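Each chain, letter by letter, is given below.
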Amino acid sequence: MKQQILLRWRGFVIPTLLILLLGCQSRPVDVRQINELPAIWPDYTDVTIPANIAPIDFAMADDAFETIDVTVKGSKGGSLHANGSCADFDIDEWHALLSANKGASLTFTVCAEKDGQWTQYRDFEVFVSADEIDAWGITYRRIPPSYEIYSRMGIYQRCLSNFEETALFENNQMPGHCVNCHTTNRTNPDQYVWHIRGKHGTTIISVNGHQELLPARIDSLGGPMVYPYWHPGGRYCAFSTNTTSQMFHTAGRKRIEVYDSASDVFIYDTETHTVLRDTLIMQSQWAENTPAFSPDGCWLYFTTARRQAYPMDYDKEKYSLCRVAFNEKTGRLGQQVDTLINSAVTGKSVTWPSPSYDGRYVMYTQTDYGYFSVWHPEADLWLLDLQTGESRPLDEVNSPRAESLHRWTPSSRWFLFTSRRDDGLYTRIYFAATDADGQATKPFLLPQRNPKEYYRQSFYSFNTPDFSCRPLVPHTREQILMSNH
């Protein structure tokens, strides 16, 4: 008898709850139509996305809107619907729709309610690329706005096809330490390096499961091993060693200035456990920085600037983009340095060179001076065509605020970068595709579940992002402390 009563009770409650829940959703009625695109956040109008990306949830930019109702239809078929305070799409339905519309487009119909009035806006399209992002996900550091102390920060990985994020290492596991510079070899986590600053700091180099723990600071080099970049063969990894300082602006758009009173580039041999030095990339009157190997391993790119009187002449330091030949068999550099972009000619500064893995381009950031571009509002992405020697600004993705810290997928069809375009305060991750001529698509923000709420509640910047072809194994505190024995 009790069981029959319980079943009847459940049969009453469940339909009633569904009715109540559906009743809470406001549906478009008495809709007025206007010939304007909806002001949504993030702005996903007319972007190009890969078919394996997570749902691009969005909301109306104006908080006064109470409800948004979105219908999405694929030009090759299929549709889905979302209704609520934001457009929150079901992950499985989203991927089914994208899979059915590769190389085609999706049409978004947006209605929104404010003060009891529904408005339907002009439809917009999102293009689904025939090329998926050839990566499982991305890694990045999240860092809060702090300058003098190591606050809460960590290195994380994120699956790009959904919203799952995993902490690889957080500095609350070792309070008072800074974690940064997590770099894989061409997105392959079989080889990676990362760096921890602090009392128990170390540089961790992992090659096919074997870890080598080096001191966080090597006195013979004059500083720490930072800004790593792997040689594609996997034996060598280039670093710079930097004596870094910072100062604060008292007026204008810039808040902080980061500069190096000295820096050099060197190469570490993971087989012999030795440092390869060469005066071509370690000159006393020049500051060499931000190394990167070419995808065939035959060239080492780096930036260099004549040293200035610091901090007085910090804004006179302008870096040129150079390269020098590298012989993988001998582990030696060539005898001549080529200057690809001369700061004396452009009057600007080059930083963070990132060669595309197909060997066609070098993407870099250009600033008025210096190299620490995330604090420079004028920082823009540029693209150097190695076939023609021509260099141009990537106006398709640049904004009036800082763009920087960019990396390619292995196919060189997609790239990511960080930008402060949203509020000028926090760096966030954007993605774009390129075609055979190097033309980029309109960038889109890293998708989040209920993105407006997520980014408003987050007081963290995304820093040093890169693609990863598969998940990495999180690190433990015990692994780090081993470096002291």
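Everything here concerns the structure above.
What you see is a predicted model; the values in this text were computed from it and never measured. (Residues numbered from 1 in each chain as written. Predicted model: local features only at pLDDT ≥ 70, side-chain atom pairs only at ≥ 80, totals over all residues. Heavy atoms only, no water.)

(A) Just the overall build of the protein chain, in detail. Counting its secondary structure elements, the protein chain contains five helices and 35 strands. Expressed as a percentage of its 485 residues, the buried residues of the protein chain come to 52%. Put simply, 56% of the contacts in the protein chain that link residues at least 6 apart link residues at least 24 apart. Accessible surface computed for the protein chain: about 21,700 Å², of which carbon and sulfur atoms make up 51%. (Helix = DSSP H or I, 4+ residues; strand = E, 2+ residues; numbered from the N terminus. Buried < 20%, exposed > 50% of the residue type's maximum accessible area, 1.4 Å probe, protein only. Contact = heavy atoms within 4.5 Å. Areas by Shrake-Rupley, 256 points an atom, 1.4 Å probe, with all protein chains shown as cover.)

(B) Looking closely at the pairing of strand β33 (residues 428-433). In terms of burial, β33 is largely enclosed, as six of its six residues are buried. Alternating residues of β33 divide into R428, Y430 and A432 and I429, F431 and A433, and every residue in both groups is buried. In the sheet, strand β32 (residues 414-419) pairs with β33 via six bridges, with the strands oriented antiparallel. Residue pairing across strands places T418 opposite I429, the latter belonging to β33. Relative to strand β34 (residues 444-445), β33 runs antiparallel, the two being bridged by two bridges. By the bridge assignment for β34, F431 is matched with F444. (Pairing = 2+ DSSP bridges.)

(C) Looking closely at the sheet that holds strand β27 (residues 349-355). Sheet architecture is open: four strands sit in the order β27-β28-β29-β30, paired in antiparallel fashion. Across the chains shown, the open sheet's two edge strands, defined by having one partner strand only, are β27 and β30 (391-393). Each adjacent strand pair in this sheet contributes to an overall mean axis angle of 30°, direction not counted. Alignment of strand β28 (residues 361-367) against strand β29 (residues 380-385), held across six bridges, turns out to be antiparallel. (Axes fitted to C-alpha atoms, helices over the stretch in contact; angles between N-to-C directions.)

(D) Seen up close, the packing of aromatic side chains. Enumeration over the complete set of coordinates arrives at 28 aromatic pairs. Among the aromatic side chains, those forming a connected cluster through ring pairs are W41, Y140, Y156, Y454, Y455 and F462. Sitting over the ring of Y430, R421 keeps its end group 4.8 Å from the ring centre. (Phe/Tyr/Trp six-rings, centres within 6.5 Å; stacked < 30°, edge-to-face > 60°. Lys NZ or Arg CZ within 6 Å of the ring centre and 35° of its normal.)

(E) Broad picture of the sheet that holds strand β35 (residues 461-468). What the four strands build is an open sheet, ordered β12-β11-β10-β35; its pairing is antiparallel. Looking at which strands have only one partner, the edges of the open sheet turn out to be β12 (165-170) and β35. Going from strand to strand, the sheet's axes swing by 25° on average, the running direction of each strand aside. Two strands pair when backbone bridges link them, and strand β10 (residues 137-143) and strand β11 (residues 154-159) are joined in this way by six bridges, in the antiparallel orientation. Note that in β11 the partner of R142 across the bridge is G154.

(F) Main features of the nonpolar core. If you look at the biggest cluster of nonpolar residues, it comprises 85 residues, and the most contacted ones within it are F58, F89, W94, F108, F415 and F431. It is β33 that provides the largest number of residues to this core, a total of five residues. Those residues within four positions of W94 in sequence are excluded, and the remaining contacts are I49, I53, A54, P55, I56, L80, F89, L106 and F108. (Core = buried A, V, L, I, M, F, W, Y, C linked by side-chain atoms within 4.5 Å.)

(G) Unusual backbone geometry, seen in detail. The linkage connecting W41 with the following residue, P42, adopts the cis geometry, with an omega of -5°. Inspection of the secondary structure puts P42 in the loop between β2 (40-41) and β3 (48-49). For the bond running from Y310 to P311, omega is 0°, close enough to zero to count as cis. Secondary-structure assignment places P311 in the loop between β24 (299-306) and β25 (320-327).

(H) Region of interest: the pattern of salt bridges. Tallied over the full model, the rule gives 21 salt bridges. We note a salt bridge from R235 to E271, for which the minimum N-O separation is 3.5 Å. Linking R235 in the loop between β19 (226-230) and β20 (236-248) with E271 in the loop between β21 (256-269) and β22 (274-276), this pair joins segments that are 36 residues apart in sequence. We classify R235 as partly exposed; its relative accessible area is 24%. With relative accessibility at 53%, the residue E271 sits in the exposed group. The salt bridge partner of E403 is R421, with a shortest N-O separation of 3.1 Å. With E403 in strand β31 (residues 403-408) and R421 in the loop between β32 and β33, this residue pair connects regions lying 18 residues apart in the sequence. Residues joined by salt bridges that share partners form a network here, namely D57, D88 and R449. (Salt bridge = Lys/Arg side-chain N within 4 Å of Asp/Glu carboxyl O.)

(I) Just the pairing of β27, in detail. The buried fraction of β27 is high, at seven of seven residues. Relative to β28, β27 runs antiparallel, the two being bridged by five bridges. Each residue of the ladder has a partner; that of T351, found in β28, is T365. Hairpin connection between β27 and β28: a loop of five residues separates the two successive antiparallel strands, and G359 in this loop has a positive phi of roughly 80°.

(J) Just helix α2 (residues 91-100), in detail. Every buried residue of α2 is accounted for by W94, H95, L97 and L98. Looking down the long axis of α2, one finds its buried residues gathered within 160° of arc, a one-sided arrangement. Regarding α2, its N-cap is D90, as a side-chain oxygen of that residue lies 3.1 Å from the backbone nitrogen of D92 further along. (Arc of directions from axis to C-beta. Polar contact = N/O pair within 3.5 Å; in protein donor to acceptor, adjacent residues only side chain to side chain.)

(K) The arrangement of the side chain of S419 in detail. With respect to the helices and strands, S419 occurs in strand β32. Judged by its relative accessible area of 0%, S419 falls in the buried class. Side chain to side chain, S419 and E403 meet in a polar contact 2.6 Å long. Not counting the four nearest positions on each side in its chain, S419 is found in contact with S399, A402, E403, Y426, T427, R428 and Y430.

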